[in-house]
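Take a look at the letters that make up each chain.
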Amino acid sequence: MDWQKSSYSGDAAECVEIASDGELVHIRESDDPAAVITITKAKLAALLRAAKAGKFDHFTH
C-alpha cells in the first residue's frame, strides 16, 4: 500500500498515515505500523464531518 502522511509532519516519526485500497481506507500511527484501523470511505467521511462539527469536542476537555 502507498502510505501517506501530512506534509505538516515533515520527518517526524510519530504521525498518522493513511492509505486507500478501493472502498477501504487504512489508518495507522507511523511509530506502530502493525496497528492498522480499516474503515470504509463513507464511514470515514461521516467521522470527519462529525469531528468538524464538534461532536467529539467533549473528549478534549
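As the structure is a prediction and not an experimental result, all values here were calculated from the model.

**As for the side chain of Arg 28**
Logical step 1: With respect to the secondary-structure elements, Arg 28 resides in strand β3 (residues 24–29).
Logical step 2: A polar atom in the side chain of Arg 28 sits 2.6 Å from the side chain of Glu 17.
Logical step 3: Once residues within four sequence positions are removed from consideration, Arg 28 is found in contact with Trp 3, Cys 15, Val 16, Glu 17, Pro 33, Ala 35 and Val 36.

**Topic: the pairing of β3**
Logical step 1: Looking at chain direction, strand β2 (residues 16–21) and β3 are connected through six bridges and run antiparallel. For Ala 19, the partnering residue across the bridge sits in β3 and is His 26.
Logical step 2: Between β2 and the antiparallel strand that follows it, β3, lie two residues; Gly 22 among them carries a positive phi value of about 70 degrees.
Logical step 3: Counted between consecutive antiparallel strands, the loop separating β3 from strand β4 (residues 32–40) contains two residues.

**Digging into a negative patch on the surface**
Logical step 1: On the surface, Glu 14, Glu 29, Asp 31 and Asp 32 cluster together into a negatively charged patch.
Logical step 2: Structurally, Asp 32 is set in strand β4.
Logical step 3: With a relative accessible area of 40%, Asp 32 lands in the partly exposed category.

**A word on the confidence of the model for the protein**
Low pLDDT marks stretches whose predicted atomic positions should not be read closely.
Logical step 1: Looking at the protein as a whole, the pLDDT averages 92, with 100% of positions reaching at least 70.
Logical step 2: Within the protein, the element-level pLDDT minimum falls on strand β1 (residues 4–5), averaging 91, and the maximum on helix α1 (residues 41–52), averaging 97.

**Things to note about a nonpolar patch on the surface**
Logical step 1: On the surface, Leu 47, Phe 56 and Phe 59 cluster together into a nonpolar patch covering about 310 Å² of accessible area.
Logical step 2: When you line up the elements, Leu 47 lands in helix α1.
Logical step 3: Here Leu 47 falls in the partly exposed class, since its relative accessible area comes to 39%.

What counts as what
- Residues numbered from 1 in each chain as written.
- Predicted model: local features only at pLDDT ≥ 70, side-chain atom pairs only at ≥ 80, totals over all residues.
- Heavy atoms only, no water.
- Helix = DSSP H or I, 4+ residues; strand = E, 2+ residues; numbered from the N terminus.
- Polar contact = N/O pair within 3.5 Å; in protein donor to acceptor, adjacent residues only side chain to side chain.
- Contact = heavy atoms within 4.5 Å.
- Pairing = 2+ DSSP bridges.
- Patch = residues over 30% accessible without salt bridge, like charges linked within 9 Å, V, L, I, M, F, W, Y side chains within 5 Å.
- Areas by Shrake-Rupley, 256 points an atom, 1.4 Å probe, with all protein chains shown as cover.
- Salt bridge = Lys/Arg side-chain N within 4 Å of Asp/Glu carboxyl O.
- Lys, Arg positive; Asp, Glu negative; His and termini not counted.
- Charge placed at Lys NZ, Arg CZ, Asp CG, Glu CD.
- Buried < 20%, exposed > 50% of the residue type's maximum accessible area, 1.4 Å probe, protein only.
- pLDDT = per-residue confidence, 0-100.

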